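Residues per chain are reported as follows:
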Amino acid sequence: QEMRADGLYLLPGAIDSHVHFRDPGYPHKETWKTGSAAAACGGVTTVFEMPNTNPATGTIEALRIKQKAAESSYVDFGIHGLLGDDTIERLEELLEGGVTSFKAFVGNTFGNLPAPTDGALLEGFEKLAPLGIRTVVHAENSSILLRRQQRMQAAGRTDALAHLAARPAVAEIEAIGRVLTLAEWTGARVHIAHHSAADSLFLLRDAKRRGVDVTAETCPQYLLLNTDHMLKLGGVMRLNPPIREARHNQPLWDALMDGTLDMIATDHAPHTPEEKTRANIWECDCGFPGVETQMPLMLTEVNRDRASLMDYVRWSAVNPARAWGLYGTKGVIAPGAHADIAIVDMARAGVLSQNRLQSISKISPWNGRKVQGYPLHTLVRGRFVMRDGALVADAAGWGRSVKSVQRMPAPRARNTEHYIGAVLETPAGVPRSATPTSE
Ligand code: NCD
Ligand code: ZN
Ligand code: ZN
């Protein structure tokens, strides 16, 4: 049918590298249908979904269950498989089964997956480097977090600030440094999830300068919210890594502008209102929904002249397409190719309301926030999944798994001793006769 778009902007649909759709395991929090409906209504045409479901996406059986659940998706999707101590032997099998990439929960978080040992992380990177496969890392130092939380609990602290005290920025700085060291050593591609602290930006800058293929995301909450909001909202704002002091907001924004941070993801982490409002902070689940509110929040900042619309498109679509190897038909990086499109009205103003969210998780720190700039229509591969601000209900199931192809050669490893093969089998793609060369 005909549609007028006078005065509107056509953007490539947003690519959200970090969502939790909870299915299998926690369908009372979210399902693929409700989560992807939220994406569709948020101008998001592709999501990458996280493995901390139940079962976690670390076996081929669990992957098949997730792929089945994803058949109801409105939007296209990639699936991050789990990189942990007991999945190292199955990485190739998971890749053949259809995961696009991996996720390592180096910091403990929802789902209580054990953090990989440094040994396993190194081995995983050694295996994935020659394949060019990128690993997302939740970078917080688990031992710092667990000890601090025990201290807080032993002191009888159950208030919101105890959560912040238990997860200091140094836990993030330390873990990012460690992950970048292992990435540089092995030549593995890595992606830092939900970068929250100003203090670790220097590590990213340095690593990029040295040629490490690291990409990093931050989220609207780390750019626009801070501990003052946490004091007002309590458990609703509990998330990992935590919201930090106001001094972090502007440096994170500057880092997006100068390319130190590559993209905006949402860490869409839905829980029910009941799970988010318990009196004891340790009993409030971590995270909140975000895939539906990212675009209006960020377009509002564009309207405030904090960035150009082109900057936003770089963060929402171009850089994620490049990081995950999403290609158009001609083999070029082409966000918006295949007609993955968000049509936005930059003039429309409104107030975000948690009750109107598609997500089952009707609780959000953005509730009541004034915004200007909304997606009006979303097309996935040429088909409307949202039209005139309303979900196109019969587009459920239109979403397809994306093909992620890393065509650029992975960075050269600083070290090649893992190719000697004395302990490990030779990583795939490396000739068995390869003789190690020293740098
Ligand atoms: C996420 C979740 O709920 O799955 N929670 C969060 O606080 N961010 C897990 C995560 O990304 O750490
Ligand atoms: Zn995380
Ligand atoms: Zn997350």
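Below or above, wherever it landed, is the structure these notes cover. Computed from a prediction, not measured in an experiment: that's the story for all the values here.

1. With respect to the coordination of the zinc ion (ligand 3)
Next up, step 1: Coordination sphere of the zinc ion (ligand 3), protein contribution only: His18 (NE2), His20 (NE2) and Asp267 (OD), at 2.0 Å.
Next up, step 2: Coordination at the zinc ion (ligand 3) is tetrahedral: its 4 donor atoms span angles of 91 to 128° at the metal.
Next up, step 3: In the primary structure, the donors to the zinc ion (ligand 3) are separated according to the pattern H-x1-H-x246-D.
Next up, step 4: The two metals, the zinc ion (ligand 3) and the zinc ion (ligand 2), are separated by 3.8 Å. With histidine 18 in strand β2 (residues 14–19) and aspartate 267 in the loop between β9 (263–264) and α12 (273–276), this pair connects stretches of sequence that are 249 residues apart. Aspartate 267 carries the same exposure label as histidine 18, and that label is buried.

2. Details of the nonpolar core
Next up, step 1: Among the nonpolar cores identified, the biggest contains 102 residues, and Val47 and Phe125 are the most heavily contacted of them.
Next up, step 2: In terms of residues, this core owes the most to one element, helix α7 (residues 169–186), which gives 6 residues.
Next up, step 3: Every residue in contact with phenylalanine 125, bar those within four places of it in the chain, is listed here: Thr135, Val137, Val179, Leu182, Ala183, Thr186, Ala188 and Val190.
Next up, step 4: Counting residues in each nonpolar core, the second largest holds 11 residues, with Met50, Val136, Ala321 and Leu326 among its members.

3. With respect to the sheet that holds strand β11 (residues 370–380)
Next up, step 1: Reading across from one edge, β1-β10-β11-β12-β13 is the order of the 5 strands in this open sheet, with antiparallel pairing throughout. Among the strands making up the open sheet, the edge pair consists of β1 (9–12) and β13 (390–391).
Next up, step 2: Across the sheet, helix α13 (residues 294–303) is in contact with β10 (341–351) and β11; its angle to β11 comes to roughly 125°.
Next up, step 3: Helix-sheet contacts for helix α14 (residues 309–324) involve β1 and β10, and the interaxial angle to β1 is about 30°.

4. Re the coordination of the zinc ion (ligand 2)
Next up, step 1: Surrounding the zinc ion (ligand 2) are the protein donor atoms His138 (ND1) and His194 (NE2), which sit 2.0 to 2.1 Å from the metal.
Next up, step 2: Around the zinc ion (ligand 2) sit 4 donor atoms; with metal-centred angles ranging over 54 to 146°, the donor geometry is irregular.

5. Looking at the sheet that holds β2
Next up, step 1: Pairing is parallel across the open sheet formed by 8 strands, whose spatial order is β2-β3-β4-β5-β6-β7-β8-β9. The sheet terminates laterally at β2 and β9, the two strands that pair on one side only.
Next up, step 2: Across 2 bridges, strand β8 (residues 214–218) lies against β9 in parallel orientation. By the bridge assignment, glutamate 217 is partnered in β9 with methionine 263.
Next up, step 3: Those strands touched by α7 are β6 (134–138), β7 (189–192) and β8, and its axis lies near 165° from that of β7.

6. Re the pattern of salt bridges
Next up, step 1: Taken as a whole and assessed by the stated rule, the structure comprises 25 salt bridges.
Next up, step 2: Residues lysine 66 and glutamate 49 are paired through a salt bridge, measuring 2.6 Å at the closest nitrogen-oxygen approach. In this pair, lysine 66 is assigned in helix α2 (residues 60–69) and glutamate 49 in strand β3 (residues 44–49), connecting sequence segments 17 residues apart. The two residues lysine 66 and glutamate 49 agree in class, both being buried.
Next up, step 3: Across the pair aspartate 213 and arginine 134 runs a salt bridge, and its minimum N-O distance is 2.9 Å. Of the two residues, aspartate 213 is situated in the loop between α8 (201–209) and β8 and arginine 134 in strand β6; the sequence distance between them amounts to 79 residues. When sorted by exposure, aspartate 213 lands in the same class as arginine 134, which is buried.
Next up, step 4: Linked by salt bridges that have partners in common, Glu184, Asp206, Arg209 and Arg210 make up one network.

Definitions and cut-offs
- Residues numbered from 1 in each chain as written.
- Chains lettered and ligands numbered in written order.
- Predicted model: local features only at pLDDT ≥ 70, side-chain atom pairs only at ≥ 80, totals over all residues.
- Heavy atoms only, no water.
- Donors = N, O, S within 2.8 Å, 3.2 Å for Na, K, Ca; no water.
- Tetrahedral: all angles 85-135°; square planar, octahedral: opposite > 155°, others 65-115°.
- Helix = DSSP H or I, 4+ residues; strand = E, 2+ residues; numbered from the N terminus.
- Buried < 20%, exposed > 50% of the residue type's maximum accessible area, 1.4 Å probe, protein only.
- Core = buried A, V, L, I, M, F, W, Y, C linked by side-chain atoms within 4.5 Å.
- Contact = heavy atoms within 4.5 Å.
- Pairing = 2+ DSSP bridges.
- Axes fitted to C-alpha atoms, helices over the stretch in contact; angles between N-to-C directions.
- Salt bridge = Lys/Arg side-chain N within 4 Å of Asp/Glu carboxyl O.

These figures capture arrangement, not role.
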